[in-house]
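Descriptive analysis of the structure
Spelled out, the chains give:
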Amino acid sequence: MKTIRLYLHYISINIRCMMQYKTSFLLSAIGQFLVSFNVFLGIFFMFQRFSNVEGFTYSEVLLCFSVVLLEFALAEMVARGFDTFSGMVRSGEFDRILVRPQNEILQVLGSKFELTRIGRILQAVVMFTYGIVKSNVVWSLSKICTLLFMLIGGTVVFTALFFIYAALCFFTLEGLEFMNVFTDGAREFGKYPLGIYGKKMLLFMTFVIPYALIQYYPLLYILDRRTSIFYMLLPLAACWFFVPALLLWKFGVRCYQSSGS
Amino acid sequence: MKKYLSFFQLRFAMGLQYRTAALAGIITQFAWGGMQVMMYRAFYHTDAAAFPMTLSATASYIWLQQAFLAFFAVWMMENEIFDSIVNGNIAYELCRPVSIYNMWAARSIASRLARAVLRCFPILIVAAFIPQPYGIGTPASLLHFLLFVLSLILGLAVTVTFCLLIYVLAFFTISPQGLRMVFTSCVEFFSGAVIPLPFFPDKIRSIMDLLPFASMQNTALRIYSASIGTDEIRRAIGLQVFWLVVLTAAGKLLCRLAEKRIIVQGG
C-alpha cells in the first residue's frame, strides 16, 4: 500500500514537472499522435488495394492493430524509465537509487512517467474503440475476457521487454539499438496477425518471445477461427516471460559496478 | 568553396567514427527489412493481381530503402544545429565569414554520406545472397543503374535541402520539437517510407507523385528495378531537379530573412 502511494507521488511530481512546459508538452503529444497515425494510414491504404491478407479482412486487422497499440502504449507509459535507463547508469544516477531504502525497480519506474505518450495512448484508445466498433465480432462474455487477457498479457510482455532492455545496460553501459527490433518492431509488425509472416516466424514468436500468445492465437479465438477455450487463456500464459526478465534484472543489479562518474 | 569542403571533410571523418552504432543499426535495419519483405509476401500470396509491381521489385525496393536509410530518413536531423539555435551558440557561427546555409548543407550531406557508407554495403551484400524473389535483384539494365545513381544523389540533395528549410524555420519558432515531429511524420507518409507510393490508389498517387516528397527516395528506388516507365523516369528526374532548385531558393531566401531579424537567445 505504501509502495503504491509512493509511486503515485512520483507520478504527480513528474506531471507537475511536465506542466511547466505546456506548449512543448502539447506539441509532443500531437507529434506522438501523428507518428502512430501514419501506421494506421499505411494499413488503411493497403486495404484499399487488397481485400484481405491471408484471410484477414480490414476490420479484423484493425482490431489486431489497435489491441497491440494499446498494449504497447500502456507498457510504455508505465515502464518508460527503463527505456532511458542507459543514461541513468552512465551518469551514476543509479548509485543514488541503490543507497535509498526503497525498492530500486519502483524508483526507476517512478523516475520517468511519460505523459507526452498520452498522444499515443489517446490514439490507441481511439483506434481501439474504432477497431471494436468496426469489427463484426459478436461479443460474448468469453470473448470480452479474452480481450482483457490480451491487454493484460500484452502489457506484461512489453514491460518485460523494457526490463530486459534496461538489464542489458548493466553489462553494456549503453542502450542497445537492436533491442528496438523487439519493442518498436513488435509494435510495428504486430499490426498484422502474426500468422502472415510464415510458419518459422510464428514458431519463434510462440516459443522464444511470446508475441503470438498475446496477439495471434487469442485473436483467432475472438474471430471464431478456433473454438477451444485453450486459446482464450494463452495470453495469461505469456506472463511467464516476465520471470526471465526479472531474473536478468536481479542478476544485473548484483553484477552492477558503478560507471564511475 | 574550399572552406565548405573542409567542413564536409571534417564531418565525414567524424561520421565514420561511430562504428559500433553502425553495426547495431545494420542489425536493426536488417531485421526490419526482413519483416517487411515477409509482410509484402503475405499480401502477394493473397492477391498477386492487385500487386502494383512484381514481388522481386518490391523486395529490391525494401532492401535499398534499408541500405540507404541514412540518405532519406528525415528524422536523422542534426541535433547540434537545433541545439545551437536554442542555446544561442549560433552567434559564434554568425560571426564567421561563412554562409550558415552553405555550411549546414555541407555538414548535413557529409554526415548522411558517412552513415550510409558505413551501413549500406553489409546490407546490400547480405540481401544479394537471399534467394529470389525475396533478396535484392540485379538492376534492370546498365542504363537503369546509372540513372538510379543519379537519382539517388538528387534524392539526397532534395532531402537535405528540405531539412535545411526546417533548420531555418527553427529560427522563427525557437522550440524546434513540434515543428520537427509534424514535418517528420508528413515526410514519412508522403515520401513512401510508410508504404511505397505505388501501393496507394491511383488518384491519390498522381498528386503525391508531384510533391517534393516523392522526389526523395521514391524516384531512385523505383528506377532501380524498372517499376517505372522510361518516359516517367525522364519526368521524375526533371521533377527532382525542379524541387531541388525551388527548395534551395526558398531556404536561402528564408535564411537571409532570418539573419536580418535574428534574436540570439542568451546562453
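The preceding data block contains the structure.
What you see is a predicted model; the values in this text were computed from it and never measured. Every chain begins its residue count from 1, and numbering advances along the sequence as written. Labels follow written order: the first chain is A, the first ligand is 1, and so on. Under the rules for a predicted model, residues below a pLDDT of 70 receive no local features and side-chain atom pairs below 80 are neither given nor counted, while totals for whole chains, interfaces and linings still include all residues. Excluding hydrogens and water, the side-chain figures rest on all heavy atoms present in the structure.

Scanning chain A from N- to C-terminus turns up 14 helices and 2 strands. When we talk radius of gyration, it's over C-alpha atoms, and the globule rule is simply 2.2 Å times the number of residues to the 0.38. Taken over C-alpha atoms, the radius of gyration comes to 19 Å for chain A, in line with the 18 Å a tight globule of 261 residues would show. Overall, chain A is about 55 × 40 × 35 Å in size when its C-alpha atoms are taken along their principal axes. Within chain A, the fraction of its 261 residues that count as buried is 54%. A sequence separation of at least 24 residues applies to 76% of the contacts in chain A between residues at least 6 apart. Working definition of accessibility: Shrake-Rupley area with a 1.4 Å probe, residue cover restricted to the visible protein chains. When the accessible area of chain A is evaluated, it comes to approximately 11800 Å², of which 68% is carbon and sulfur surface. The charged-residue count follows a simple rule in which Lys and Arg add positive charge and Asp and Glu add negative charge, with His and chain termini not counted at all. In this description, the location of a charge corresponds to atom NZ of lysine, CZ of arginine, CG of aspartate or CD of glutamate. One finds the centroid of the 22 positive side-chain charges in chain A at a distance of 4 Å from the centroid of its 14 negative side-chain charges. Only runs of H or I of at least four residues qualify as helices and only runs of E of at least two qualify as strands under DSSP, and these elements are numbered from the N terminus. Each residue is assigned to one of three classes by its accessible area relative to the maximum for its type, calculated with a 1.4 Å probe on protein chains only: buried under 20%, partly exposed between the two thresholds, exposed over 50%. Contacts were defined at the residue level, with two residues in contact if any of their heavy atoms lie within 4.5 Å.

Turning our attention to empty space enclosed by the protein. All names here are of chain B. A pocket, in this scheme, is an open set of points on a 1 Å grid over the protein atoms alone with protein on both sides within 12 Å along at least 5 of 7 lines, while a cavity is a set where a 1.4 Å probe fits but cannot get out; residues line either one if an atom lies within 4 Å of a point. Grid points are joined across faces, edges and corners, and a volume is the space filled by probe spheres set on the points. Using the criterion set out here, one finds 2 cavities of 30 Å³ or more in the structure. The calculated volume of the largest cavity comes to roughly 130 Å³. Lining the largest cavity are Asp 209, Ala 214, Ser 215, Asn 218, Thr 219, Arg 222, Ile 228, Glu 232, Arg 235, Ala 236 and Leu 239. Of all the elements in the fold, those that place two or more residues in the lining of the largest cavity are helix H11 (218–224) and helix H12 (230–260).

Turning to the interface of chain B and chain A, a few remarks are in order. Taken residue by residue, the interface counts 36 residues in chain B and 32 residues in chain A. When two components associate, each loses some accessible surface as probed by a 1.4 Å sphere; the sum of these losses over both components is called the buried area. Buried surface at the junction of chain B and chain A, both sides included, amounts to about 3100 Å², of which 74% is carbon and sulfur. Looking only at chain B, the three residues that lose the most surface to chain A are Trp 32, Met 35 and Phe 43 of chain B, adding up to 21% of its buried area. A pair is scored as a salt bridge if a Lys or Arg side-chain nitrogen falls within 4 Å of a carboxyl oxygen belonging to Asp or Glu. At the junction of chain B with chain A, the criterion picks out 0 salt bridges. Here a polar contact is taken to be a pair of N or O atoms separated by no more than 3.5 Å, where protein atoms must pair a possible hydrogen donor with a possible acceptor and residues adjacent in sequence count only if both atoms sit in side chains. The interface formed by chain B and chain A includes 7 residue pairs in polar contact (both at pLDDT 80 or more). Examining the composition of the side of chain B that touches chain A, we find that 17 residues originate from one element, helix H2 (residues 19–46) of chain B, more than from any other. Amino acids outside the nonpolar list (Ala, Val, Leu, Ile, Met, Phe, Trp, Tyr, Cys, Pro) and the charged list (Asp, Glu, Lys, Arg) are all regarded as polar, and Gly is one of them. Tallied by class, residues from the side of chain B that touches chain A come to 24 nonpolar, 8 polar and 4 charged.

This part takes up a nonpolar patch on the surface. On the surface, a nonpolar cluster with roughly 470 Å² of combined accessible area is contributed by Leu 142, Phe 145, Leu 146, Val 149 and Ile 153 of chain B. In this fold, Leu 146 of chain B is placed in helix H8 (residues 142–173). Only residues whose relative accessible area exceeds 30% and that form no salt bridge enter a patch; like-charged residues are grouped when within 9 Å of one another, and nonpolar side chains (Val, Leu, Ile, Met, Phe, Trp, Tyr) when within 5 Å.

If you add up the space inside the second largest pocket, you get close to 520 Å³. Around the second largest pocket, the lining is made up of 28 residues, and of these Met 201 of chain A together with Ala 31, Gly 34, Met 35 and Met 38 of chain B lie nearest the centre. Here the lining of the second largest pocket gets 9 residues from one element, more than from any other, and that element is H2 of chain B. A per-class count over the lining of the second largest pocket returns 23 nonpolar, 4 polar and 1 charged.

All right, on to the side chain of Glu 104 of chain A then. Turning to its location among the elements, Glu 104 of chain A is positioned in helix H6 (residues 104–111). The residues contacting Glu 104 of chain A, other than those within four sequence positions of it, are Phe 94, Ile 97, Leu 98, Trp 249, Lys 250 and Val 253 of chain A.

On to the nonpolar core. The set of buried Ala, Val, Leu, Ile, Met, Phe, Trp, Tyr and Cys residues whose side-chain atoms join them within 4.5 Å is what this entry labels a nonpolar core. Among the nonpolar cores identified, the biggest contains 171 residues, and Phe 82, Phe 85, Tyr 192 and Trp 249 of chain A together with Trp 104 of chain B are the most heavily contacted of them. Apart from the residues within four sequence positions on either side, Trp 104 of chain B is in contact with Ile 81, Ile 85, Ile 90, Leu 164, Tyr 167, Val 168 and Phe 171 of chain B.

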